[in-house]
Amino acid sequence: MFFSVIIGLDDIWSYLMSNLDKLQQINTNVPRETSVFEADGLIFKRPASGGGAIQQTQWVEKQKHAQRIQDYLRARGNTTYFVPHMLEVSGSKMFAIEERVPGRPLTSSFVETLTPADLDIIYRGLANFINDMATYKPIITQSEHFDFPPEDGSDKKFNIAYILNHMKKHLTNAEIDTLKKAKAYFDDLSLNDASVVFSHGDMNEHNAFYDQPTQTISVIDVADARYENANEMFFRNFARLGWLDVERLVSEFNKLPHERPINIESDRYLMALRNALQSVKWSATEILKNPKTADKLRMKMLRDEIAAVARAHSALKISRASQTVDALNQSTDIQSATKQASQNVK
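Residues numbered from 1 in each chain as written. Predicted model: local features only at pLDDT ≥ 70, side-chain atom pairs only at ≥ 80, totals over all residues. Heavy atoms only, no water.

Visitor: Quick rundown of the overall build of the chain? Include the residues and the values.
Guide: Within the chain, the secondary structure is distributed over 11 helices and 10 strands. Residues classed as buried in the chain amount to 44% of the 346 residues present. Of the contacts made within the chain by residues no fewer than 6 positions apart, 72% connect residues no fewer than 24 positions apart. Of the roughly 18500 Å² that the chain leaves accessible, carbon and sulfur atoms contribute 52%. (Helix = DSSP H or I, 4+ residues; strand = E, 2+ residues; numbered from the N terminus. Buried < 20%, exposed > 50% of the residue type's maximum accessible area, 1.4 Å probe, protein only. Contact = heavy atoms within 4.5 Å. Areas by Shrake-Rupley, 256 points an atom, 1.4 Å probe, with all protein chains shown as cover.)

What follows is the structure, given as structure tokens:
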């Protein structure tokens, strides 16, 4: 039980580095950015070999990011789930130490052995975890998220307005107009679409644990936590838990009190327009960062992406027009039925 007697980062580092071959490595997947070892009921993390100084610095920042989130969640005192205490993140020694959570990873084979009562605890715990994560940062709209700077603040100036203004020498007026109209339409309709919330960002069967004896659901590895479209958070991110009934998780989530309203429903046509606009934004940003990349091939790819925006914009408008017609027809049918019922009474 060396952690109970060794104190100081240098002591811990020296011991771990001299005994790595004796420690149990938990993750052996390739590729990976973190090597994870278990010792004395604790988890020891260090950057996977092969990364340079920049990658190592980024790794440390991600661990500090995780530490802040885990401290926040633990302070909320929600007993329906457990997150480990990250005891130390060392930038000088390049390692992190946190508690070992109880139980086993929630793999499909393990879930098959659990009771209905166990599953009730798991779904309730995951729903509460998602709800608490969403309070870590303000809930925002898809329009705000589209032009939101990355967590590290890089590329902050490359919002769509900046891009359209500075891409005029590369694109025609008609292409600029196509993008402006599509973005304005997206901004308007997205206000009533899925919210954007702060989320785990990397849910999988090895980042959720369950311990039957103590009936404890645990969530680990929030280093990739970020803003996500609420619909995609449930139906793409958490759906990576292959055994998960996403609709049941959404139902559990909707039962909880939310600090602010969270919309989960999303229009697939609006989602397609957002993705098309995002592709243009990424390509144009790279060109503005390095104008030398604006060769014929790159510009053809960009114009193909703009054409995709135009198609997605058109499909969304047709879909909304169809919905309006259906609503009018339904209203007319109701009025006709009401009138007929009134005549029958007479």
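After that view, the rundown keeps rolling.
Visitor: I'd like a rundown of the sheet that holds strand β6 (residues 104-105), residues and numbers included.
Guide: Pairing in this open sheet of three strands is antiparallel, and the strands run β6-β8-β9 from one edge to the other. Looking at strand neighbours, the two that pair on one side only are β6 and β9 (216-219), the edges of this open sheet. Of the strand pairs in this sheet, β6 and strand β8 (residues 208-211) are connected by two bridges, and their pairing is antiparallel. Paired with P105 across the bridge in β8 is F209. Across the sheet, helix α4 (residues 116-133) touches β8 and β9, and the angle it forms with β9 is around 35°. (Pairing = 2+ DSSP bridges. Axes fitted to C-alpha atoms, helices over the stretch in contact; angles between N-to-C directions.)

Visitor: Which residues make up unusual backbone geometry, and what values do they have?
Guide: A positive phi angle, near 60°, is found at M94, a position not held by glycine. Its location among the elements puts M94 in the loop between β4 (86-90) and β5 (95-99). On the basis of relative accessibility, which here comes to 18%, the residue M94 falls in the buried class. In this structure, D221 takes a positive phi of about 55° despite not being glycine. Note on placement: D221 falls in the loop between β9 and β10 (226-229).

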